[in-house]
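# Close look at the chain arrangement
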Amino acid sequence: MTDTEARVMKVLANVLSRRLEPAQISPDVDMVAMLGLDSLEAIEFLLQIEDEFDIELDFENLSLQHLKSVRTFSAEVVARREPAP
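Residues numbered from 1 in each chain as written. Predicted model: local features only at pLDDT ≥ 70, side-chain atom pairs only at ≥ 80, totals over all residues. Heavy atoms only, no water.

## Re helix H2 (residues 39–53)
Taking 1.5 Å per residue as the helical rise, H2 with its 15 residues ought to reach 21 Å, and the 21 Å between its terminal C-alpha atoms agrees with that figure. Looking only at H2, the buried set comprises Glu41, Ala42, Phe45, Leu46, Ile49, Glu50 and Phe53. Looking at the buried side of H2, the elements it contacts are helix H1 (3–15) and helix H3 (70–81). Put simply, Asp38 is the residue that caps the front of H2, since its side-chain oxygen is 3.1 Å from the backbone nitrogen of Leu40. Among the residues trailing H2, Asp54 stands out with phi positive, at a value near 55 degrees. (Helix = DSSP H or I, 4+ residues; strand = E, 2+ residues; numbered from the N terminus. Expected span 1.5 Å × (residues − 1). Buried < 20%, exposed > 50% of the residue type's maximum accessible area, 1.4 Å probe, protein only. Contact = heavy atoms within 4.5 Å. Polar contact = N/O pair within 3.5 Å; in protein donor to acceptor, adjacent residues only side chain to side chain.)

Structure, rendered in structure tokens:
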């Protein structure tokens, strides 16, 4: 597990109102289907991710596919953090 994945899991656990501890979240679990992340929680999650990583997410181009797993979403976060060439 990467540092980015661990931080995403921490934010996710916080948004899920502590229903789960970060250690209970697998990097490959579907955040929507398996963890029950609803639309309001998803918005809160994305806003907290922006704060946690000091990034700006492109909400127009994000989809449920990006929330498929912590690993998938972490790759998106890493891409946003890397400077454009």
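## Brief notes about H1
An ideal rise of 1.5 Å per residue puts 18 Å on 13 residues; H1 measures up with 19 Å between its terminal C-alpha atoms. Taken residue by residue, H1 has Thr4, Glu5, Val8, Met9, Val11, Leu12, Ala13 and Val15 as its buried positions. Structurally, H1 contributes buried residues whose contacts are with H2 and H3. Once H1 ends, the next one or two residues include Ser17, with phi positive near 55 degrees.

## Some thoughts on the packing of aromatic side chains
One pass over the structure, following the stated rule, counts one aromatic pair. Ring geometry for Phe45 versus Phe73: centroids 5.1 Å apart, planes at 50 degrees, classification tilted. In this pair, Phe45 sits in helix H2 while Phe73 sits in helix H3, placing the two residues 28 residues apart along the sequence. In terms of burial, Phe45 and Phe73 fall into one category: buried. (Phe/Tyr/Trp six-rings, centres within 6.5 Å; stacked < 30°, edge-to-face > 60°.)

## Concerning the packing of H2 against H3
Following both chains from N to C, one finds H2 and H3 inclined at 45 degrees, their axes separated by 12 Å at the closest point. In this view, H2 runs oblique relative to H3, as classed from their interaxial angle. Crossing of H2 over H3 shows right-handed handedness. Contact residues: H2 offers Phe45, Leu46, Ile49 and Phe53, while H3 offers Phe73, Val77 and Arg81. Residue classes in the contact of H2 with H3 are distributed as six nonpolar, no polar and one charged. (Axes fitted to C-alpha atoms, helices over the stretch in contact; angles between N-to-C directions. Parallel < 35°, antiparallel > 145°, perpendicular 65-115°, else oblique. Left-handed = near helix turned anticlockwise from the far one by under 90°. Nonpolar A, V, L, I, M, F, W, Y, C, P; charged D, E, K, R; others polar.)

## Notes on the side chain of Glu76
Following the sequence through the fold, Glu76 ends up in helix H3. By relative accessible area, which is 16% here, Glu76 ends up buried. Once residues lying within four places of it in the same chain are set aside, the contact partners of Glu76 are Leu62 and His66.

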